[in-house]
Amino acid sequence: EPELWGAILDNAHKKDVNVVIVRPFSPSVIHVQPEEIDAYASSSIIRARMIDVLEKYSFPSYDEIADDNYNKYKDRGLPIVYLVFESEDEHQRQKYLPILEEVAESNKGSFSFGYLDGKVYSGQLEYFGFDSMPAVAIEDGKNRFAMEQQPTLTVSQITDFISDFQQGKLQRLRLSESVPTNEVDDRGFLTLVADNFNEKVFQSGVDTFIFFYSDDCTDCGHLLVKWERANKLFAKETKVKIRFAVMNVSKNESPDDFYDEFFEAEKYPQLVLAQKSSPGLPLVFEKDLQYLTDLIRFIHENTSTEFIPPVDFDEVMDKMGEFQKKLPQMLEQLQNMPSSSPEMAEIKAKLQAMNENKQQKPSNVDMGSGREDL
């Protein structure tokens, strides 16, 4: 680690202020200008400035990045500019390192600069989307940006690339499955991947309900059956247009900062409604999918179009079956209660009749209509 050597004398000896940092890498001695630490300020300010200065000079202008120092660069918190080439080849070192040094010196303090051996770390080469060297990339937190590869590599190319990054002109790289040929799969779901998310969600002008799942989710297969039932219910709607989509978070990276949390969740699936009016502000359906009634109500409350919510008749029949199973216990409890009013007596009579006929399924329910009455 770098060491700090210095002496700050009193105001009578201002000319003698001298701060030196000795480092275990070139240049090994740094003479810090007094104004960098505000040498004549209060001791607390000087102490804070000293820490900043040490942090600034504790990294070389550039270095080889490998397993032993990668985390140190990540923890520094600055975007990392990588130059990837075969660093064990002396000819390539002499060719590319002077270029990296010049760029690093002119951008000191704003970026960390390093070079990678693309032959040793071939996975990193692929991570940045490259299949050949030399290559230049920027890693900023979870975001990656790759410079278009050219036959030759120059200082001006890298400088322009860094400038474009600073101005927000670059498109970040994302892990993405291939965009499917048929956007709707055989179950009727819109298939989303990182590379088509912007087009299919942000630019679609349609409410999109997304089922985020992972490869290791044990419940997702079962719950997709419920998702398919919901999709079929709303497919019959004419007044409201909503698309049901699926996205595998194990094979795609987050397409937008607003959706990062759904790619880092501890539990799946994550059910998220991207409203056509504000797809960048996703709404999370936080209940489970035991009953579709809650899901249908959620859609009804969070879409801009007025419509009569569809009814899942299978679910209605399931709930009726559960109710009928509880009837004997309910009747027993009611029999022990005094019939203090005609209304209570009527409730008892109706429940008794239902219990006597519970083996008979309703024959007057039209499974294709009558939603409003039901």
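Keep in mind that this is a model prediction, so the values were computed, not measured.

Student: Describe the confidence of the model for the chain, with residues and values.
Tutor: Any residue range with low pLDDT should be treated as having predicted coordinates unsuitable for detailed reading. Model confidence for the chain is summarised by a mean pLDDT of 83, while 86% of its residues fall at 70 or above. Here residues 361-374 scores under 50 on pLDDT; set against residues more than four positions off or in separate chains, the count is 16 contacts.

Student: Residue-level account of the state of the cysteines, with values.
Tutor: Inspection of every chain in the model, using the stated rule, returns one disulfide. Between Cys 217 and Cys 220 runs a disulfide, and the two sulfur atoms are separated by 2.1 Å. Linking Cys 217 and Cys 220, the disulfide has an S-S dihedral of approximately 95 degrees and is accordingly described as right-handed. On the basis of relative accessible area, Cys 220 is assigned to the buried category, the value being 3%.

Student: Help me get a handle on the packing of aromatic side chains, residues and values and all.
Tutor: As enumerated under the stated definition, the model contains 23 aromatic pairs in all. Where Phe 145 meets Phe 165, the ring centres are 5.3 Å apart and the plane angle is 70 degrees; that geometry is what we call edge-to-face. One end of the pair, Phe 145, is in strand E8 (residues 143-146); the other, Phe 165, is in helix H5 (residues 155-166), with 20 residues separating them in the sequence. Taking the relative accessible area as the measure of exposure, Phe 145 reaches 9% and is therefore buried. An aromatic cluster is present here, built from Phe 209, Phe 211, Tyr 213, Trp 227, Phe 234, Phe 244, Phe 285 and Phe 298 joined pairwise through their rings. Over the aromatic face of Phe 59 sits the side chain of Lys 72, whose NZ or CZ is 5.2 Å from the ring centroid. Its end group placed over the ring of Tyr 127, Arg 144 keeps NZ or CZ at 4.1 Å from the ring centre.

Student: Explain the pattern of salt bridges residue by residue, including any values.
Tutor: Enumeration over the complete set of coordinates arrives at 12 salt bridges. A salt bridge links Lys 200 to Glu 199; its shortest N-O distance comes to 3.6 Å. With relative accessibility at 46%, the residue Glu 199 sits in the partly exposed group. When salt bridges with common partners are traced through the structure, they connect Lys 142, Asp 260 and Glu 264 into a single cluster.

Student: Any chance you could break down the sheet that holds strand E10 (residues 207-213) for me, citing the residues and the numbers?
Tutor: Two pairing modes exist for strands in a sheet, parallel and antiparallel, and in both the strands are linked by backbone hydrogen bonds. With mixed pairing, the five strands of this open sheet are ordered in space as E9-E11-E10-E12-E13. Of all strands in the sheet, those with a lone pairing partner are strand E9 (190-191) and strand E13 (283-285), marking the two edges. Across two bridges, the pairing between E9 and strand E11 (residues 242-248) is parallel. Each residue of the ladder has a partner; that of Leu 190, found in E11, is Ala 245. Those strands touched by helix H7 (residues 220-235) are E10, E11 and strand E12 (270-274), and its axis lies near 160 degrees from that of E11.

How each quantity is defined
- Residues numbered from 1 in each chain as written.
- Predicted model: local features only at pLDDT ≥ 70, side-chain atom pairs only at ≥ 80, totals over all residues.
- Heavy atoms only, no water.
- pLDDT = per-residue confidence, 0-100.
- Contact = heavy atoms within 4.5 Å.
- Disulfide = S-S within 2.5 Å.
- Buried < 20%, exposed > 50% of the residue type's maximum accessible area, 1.4 Å probe, protein only.
- Phe/Tyr/Trp six-rings, centres within 6.5 Å; stacked < 30°, edge-to-face > 60°.
- Helix = DSSP H or I, 4+ residues; strand = E, 2+ residues; numbered from the N terminus.
- Lys NZ or Arg CZ within 6 Å of the ring centre and 35° of its normal.
- Salt bridge = Lys/Arg side-chain N within 4 Å of Asp/Glu carboxyl O.
- Pairing = 2+ DSSP bridges.
- Axes fitted to C-alpha atoms, helices over the stretch in contact; angles between N-to-C directions.

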